[in-house]
Amino acid sequence: QCRAGVLATDRFRSLQAGLEGEAWLRLDAWPVLRGVEWRGDKPKGSFQKSLLPSLRAGIRVGDRRKEAWRALAETRLKEAGYPEAKVELLREDEDRRMVVNLKMGPPALVQRLEWKGLTDAYGAEKVLKSAGIVPGKTIWTETLRRQAQAALRKRFLKDHRYVGGVDFDWSGTGVLRV
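## A few points about the packing of aromatic side chains
Within the structure shown, the criterion is met by two aromatic pairs. Each ring, one from Trp 140 and one from Trp 170, has its centre 5.8 Å from the other, and the planes form 20°; the classification is stacked. A residue pair is termed long-range when its members are at least 10 positions apart, and Trp 140 in the loop between helix H4 (124-131) and helix H5 (142-158) and Trp 170 in strand E7 (residues 169-170) qualify at 30 residues. No difference in accessibility class separates Trp 140 from Trp 170, as the two residues are buried. An aromatic cluster is built from Trp 140, Phe 168 and Trp 170, whose rings are joined through pairwise contacts. We note Arg 91 situated over the ring of Trp 30; from NZ or CZ to the ring centre the distance is 3.8 Å.

In structure tokens:
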């Protein structure tokens, strides 16, 4: 149990223990990272820094933290509109360098809109403009969904359509159904 407790701290890559007259422990700590290297796809702008903000040279990274960071980075990429994103964290140079291998995959771009409902009062172009969606450029995310719903609700209220509502159905194929 002591062995499992020490390894659970994620500070040591191995532990040896014995009882030869007296108890002894030999701990092998994770080495300090000398550098971080990014390979594969490059995120736009400052998104790379926000993807794994705690990963930097000068720290010790155990397997548990490495796996948690990998899962966090994949989640952040998927939330940013890259549903097929894959992140791999590899150790190189005797565990002194961390390599971030990033495969973002294609973005969830809105290619076109299918509009049902008050098509006579609101055309697809007006809905897209009010929602702030540009086909072929806008990446579909849950944040965009909330912002577009709020913007369209505001548009409906300006037009005195107090009971109006909107819902989005994202197919993942580039078609946004409203």
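Right, picking up where we left off after that structure.
## So, the side chain of Glu 74
Mapped onto the elements, Glu 74 comes out in helix H3 (residues 63-79). Residue class for Glu 74 comes out buried when judged on its relative accessible area of 12%. In this view, Glu 74 contacts Ala 85, Lys 86 and Val 87; residues no more than four positions away in its chain are not counted.

## Some details on the nonpolar core
By size, the foremost hydrophobic cluster in this structure holds 19 residues, and its most contacted members are Leu 113, Ile 133, Trp 140, Phe 168, Leu 176 and Val 178. Taken together, the elements giving at least two residues each to this core come down to H4 and H5. With four residues, the top contributor of residues to this core is H5. When near neighbours in sequence (up to four residues on either side) are disregarded, Ile 133 contacts Val 110, Leu 128, Thr 138, Trp 140, Leu 144, Ala 148 and Leu 176. Of all hydrophobic cores here, the second largest spans 18 residues; its members include Leu 33, Leu 51, Ile 59 and Met 98.

## Concerning the sheet that holds strand E5 (residues 97-103)
One open sheet holds the three strands; their spatial order is E3-E5-E4, and the pairing between them is mixed. On the outer flanks of this sheet lie strand E3 (35-40) and strand E4 (86-92), each paired with one strand and no other. Sheet twist, expressed as the average angle between the axes of neighbouring strands with direction ignored, equals 20°. Sheet topology note: the E3/E5 ladder contains six bridges and is parallel. Note on E5: the bridge partner recorded for Val 36 is Met 98.

## Digging into unusual backbone geometry
The phi dihedral of Asp 93 is positive, around 55°, even though this residue is not glycine. Looking at where Asp 93 falls in the secondary structure, it is placed in the loop between E4 and E5. Classification of Asp 93 by relative accessible area gives partly exposed; the value is 44%. Its identity is not glycine, yet Glu 94 carries a phi of approximately 55°, on the positive side. By the element assignment, Glu 94 lies in the loop between E4 and E5. In this structure Glu 94 comes out as exposed when scored by relative accessible area, which is 65%.

## What about H5?
The end-to-end C-alpha separation of H5 is 24 Å, in line with the 24 Å expected for 17 residues at 1.5 Å each. Every buried residue belonging to H5 is among Leu 144, Arg 145, Ala 148, Leu 152 and Phe 156, and all of these are buried. Taken around the axis of H5, the buried residues stretch over an arc of 105°, which confines them to a single face. Across from the buried face of H5, at angles greater than 90 degrees, the exposed residues are Arg 146, Gln 147, Lys 154 and Lys 158. Buried residues along H5 sit in contact with H4. Where H5 ends, the next residue or the one after it, His 160, has phi of about 60°, a positive value.

Cut-offs and rules
- Residues numbered from 1 in each chain as written.
- Predicted model: local features only at pLDDT ≥ 70, side-chain atom pairs only at ≥ 80, totals over all residues.
- Heavy atoms only, no water.
- Phe/Tyr/Trp six-rings, centres within 6.5 Å; stacked < 30°, edge-to-face > 60°.
- Helix = DSSP H or I, 4+ residues; strand = E, 2+ residues; numbered from the N terminus.
- Buried < 20%, exposed > 50% of the residue type's maximum accessible area, 1.4 Å probe, protein only.
- Lys NZ or Arg CZ within 6 Å of the ring centre and 35° of its normal.
- Contact = heavy atoms within 4.5 Å.
- Core = buried A, V, L, I, M, F, W, Y, C linked by side-chain atoms within 4.5 Å.
- Pairing = 2+ DSSP bridges.
- Axes fitted to C-alpha atoms, helices over the stretch in contact; angles between N-to-C directions.
- Expected span 1.5 Å × (residues − 1).
- Arc of directions from axis to C-beta.

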